[in-house]
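# Residue-level structural notes
One-letter residues, chain by chain:
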Amino acid sequence: MAPHAETTLRQRAGDAVKKVADPASAVPDHQTGKTWGRARDVSSLNVAMCAAIMAFCPILVIYAWMSCNSFQCSIAGPVDKVFFNKAGIEAGFRALVRDDFPKPTVEGFQLYFSWLAFQAVLYKFLPGKIGYGQMTPAGYTLPYVVNGLLAWAVTHALFIAGSLRLGLFSAAIIHDNWGGILVASNVYGYFLTVFSYLKAYIAPSHREDRKFSGSAIYDMYMGIEFNPRFGKYFDFKLFHNGRPGIVAWTLINFSFAAAQYLKIGYVTNSMFLLNWLHLVYVIDFFYNELTVMKDWYLRTIDIAHDHFGFYLSWGDSVWLPFMYTLQSHYLVRNPVDMSWPWFTFVFVLGMSGYYVFRAVNHQKDLVRRTDGDCKIWGSPAKVIRTEFVTSDGKTHRSLLLCSGFWGLSRHFNYVGDLLISTAMCFTCGFEHFLPHFYAVYMTILLLQRVSRDQERCQGKYGKFWDEYCKAVPYKLIPYVY
């Protein structure tokens, strides 16, 4: 996404306070007038697709878990058991549900909800700097407590000390209870979806930033509230994606590495490399969340543009921790000892992807901090200065960078994402498809985000976006797309 100019922290904080201080009688019920972000007018096809995703995505996650847990990560395993059962398809399906479906367990629920509570305590009470997101369509500039790096460090230090040093529990405890945790996380994901939907009607945090489509299904999936919160700082989006979601990523991998050690007596170089690549990605995420002069994550599509519905609530609770860590699950069931030339290639591929990802975003941050008065690749930055109108009728100024990496394509940062995602999957070899699902999914997700961003920016910037698209004609890969 192209960068935007920012005001001073004091000005932004003042804007947020001023918004909150407006009398309720003057506040509209939802976004009105010119706006951007998720759609307000949706087709029956969009509604049907949202209903299908809410119904079938949990089944897909369960299927992936079953494939790894019972069939060595073979995606054909569950199907074979059902359709090639000698007693018939119905008997095969009954056997699959009886033997291979994840079961609710007391331990799974205890672990998952203790984990949520612990992360909520860290989010609430650990010290952290105040960062600010982009201006919302209704004109808010909201403060966020950014203490994710400290929460990550405290969580991992306590887990490692408790398991390896003090022996209070097995380091493989997450792996050993993965099925029960899957059930518990689904329960929470659906609960959070319904809770957020009802909260948007009963007690919205910023009522004029809500969006209604007229379809309960679409609104439940995409979300009504833009920034649902408890109090001033407990933001649903930042907490659920950053804390139980991203913090858990490396902890899950560590636990699965411990399970591999207990199973075969050592940790493979593929598991080490996978843990390293995920670690780099996660530490970068929290470091750049922490840096107030960047506020990087607070300006990404998750925080700055998505509303909070099933897409994020269930996605952060279930999809992210289970589908993004399929490689570590695979490597427990199918240990891979990489040749050192292949190890070196995958390592270089992943770190190259990380370099591209970070360098592209650094250019955006630099231009934003200097209001375009800087050099990119040794030359003055080329920017398009824009104006946009929020739904309260106020006009604001911004800028779009169209040189450096951002002159190659409008989303060259996604190229880095795709490279590092591919490297993560390459650690698993090529015997099965399932561990490569992540790279395929990321490709689809990022292509869809490119399309969404095009529509959103067209609505936000109008003629300025047309000018930008002429200056930077390629969306993702230069001369290809």
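This text follows the structure it describes.
My aim in this report is to walk through the structure given alongside it, one point at a time. (Residues numbered from 1 in each chain as written. Predicted model: local features only at pLDDT ≥ 70, side-chain atom pairs only at ≥ 80, totals over all residues. Heavy atoms only, no water.)

### Observations concerning the overall build of the protein
A count of helical and extended segments in the protein gives 19 helices and eight strands. Here the protein holds 481 residues, and the buried ones make up 57% of them. Within the protein, counting contacts between residues at least 6 apart in sequence, those at least 24 apart form 76% of the total. Entry remark: accessible area of the protein is about 20,400 Å², with carbon and sulfur atoms responsible for 66%. (Helix = DSSP H or I, 4+ residues; strand = E, 2+ residues; numbered from the N terminus. Buried < 20%, exposed > 50% of the residue type's maximum accessible area, 1.4 Å probe, protein only. Contact = heavy atoms within 4.5 Å. Areas by Shrake-Rupley, 256 points an atom, 1.4 Å probe, with all protein chains shown as cover.)

### Some words on the state of the cysteines
Formally, a disulfide is one covalent bond, and it connects the sulfur atom of one cysteine to the sulfur atom of another. According to the stated counting rule, one finds one disulfide in the structure shown. Disulfide pairing places cysteine 68 opposite cysteine 73 at an S-S distance of 2.1 Å. Residues cysteine 68 and cysteine 73 are joined by a disulfide whose S-S torsion is about 110°; by sign, that bridge is right-handed. This cysteine, cysteine 428, is not joined by any disulfide, and cysteine 425 carries the nearest cysteine sulfur, 6.9 Å off. A relative accessible area of 2% means that cysteine 428 is categorised as buried. (Disulfide = S-S within 2.5 Å.)

### Section: the pattern of salt bridges
Evaluation of the coordinates by the stated rule reveals twelve salt bridges. Of the charged contacts, one joins aspartate 365 and arginine 368 as a salt bridge, the two residues approaching to 3.1 Å between their closest N and O atoms. Remark: arginine 368 and aspartate 365 occur in helix α15 (residues 340-370); sequence separation between them is three residues, near one turn of the helix. A residue is classified by how much of its surface remains accessible, and aspartate 365, at 1% relative accessible area, is buried. Overall, the relative accessible area of 3% leaves arginine 368 in the buried class. One salt bridge in this structure joins aspartate 453 and arginine 456, with 2.4 Å as the shortest N-O distance. (Salt bridge = Lys/Arg side-chain N within 4 Å of Asp/Glu carboxyl O.)

### Some thoughts on unusual backbone geometry
For cysteine 73, which is not glycine, the phi dihedral falls at a positive 70°. With respect to the helices, strands and loops of the structure, cysteine 73 is situated in the loop between α2 (44-71) and α3 (77-83). One non-glycine residue, aspartate 371, lies in the positive phi region at around 55°. If you trace the backbone, aspartate 371 turns up in the loop between α15 and β5 (375-376). The exposure class assigned to aspartate 371 is partly exposed, which follows from its relative accessible area of 38%.

### As for the packing of aromatic side chains
Under the definition given, this model contains 46 aromatic pairs. Between phenylalanine 236 and phenylalanine 308, the aromatic rings sit 5.8 Å apart at their centres with planes inclined by 80°, giving edge-to-face as the arrangement. Residue phenylalanine 236 is located in helix α10 (residues 236-264), and its partner phenylalanine 308 is located in the loop between α12 (301-304) and α13 (310-323); the two are separated by 72 residues in the primary sequence. For phenylalanine 236, a relative accessible area of 1% puts it in the buried group. Judged by centre distance (6.0 Å) and plane angle (15°), the ring pair of phenylalanine 437 and tyrosine 441 falls under stacked. Within this pair, phenylalanine 437 and its partner tyrosine 441 are both found in helix α18 (residues 437-461), separated by four residues, close to a single helical turn. Overall, tyrosine 441 belongs to the buried group, its relative accessible area being 19%. If you follow arginine 229 out to its NZ or CZ, it ends over the ring of tyrosine 144, 4.5 Å from the centre. (Phe/Tyr/Trp six-rings, centres within 6.5 Å; stacked < 30°, edge-to-face > 60°. Lys NZ or Arg CZ within 6 Å of the ring centre and 35° of its normal.)

### As for the nonpolar core
Val61, Trp178, Trp319, Met323, Tyr324, Met442 and Tyr468 are the most contacted members of the largest nonpolar core, which totals 124 residues. Here this core gets 13 residues from one element, more than from any other, and that element is α10. (Core = buried A, V, L, I, M, F, W, Y, C linked by side-chain atoms within 4.5 Å.)

### Comments concerning helix α5 (residues 106-125)
For α5, which comprises 20 residues, the first-to-last C-alpha distance of 28 Å matches the rise-based estimate of 28 Å (1.5 Å per residue) to within 8%. Turning to α5, its buried residues are Gly108, Tyr112, Trp115, Leu116, Gln119, Leu122 and Tyr123. End-on view of α5: buried residues confined to an arc of 130°, all on one side of the axis. Away from its buried face, by an angle of more than 90 degrees, α5 presents the exposed residues Val106, Lys124 and Phe125. (Expected span 1.5 Å × (residues − 1). Arc of directions from axis to C-beta.)

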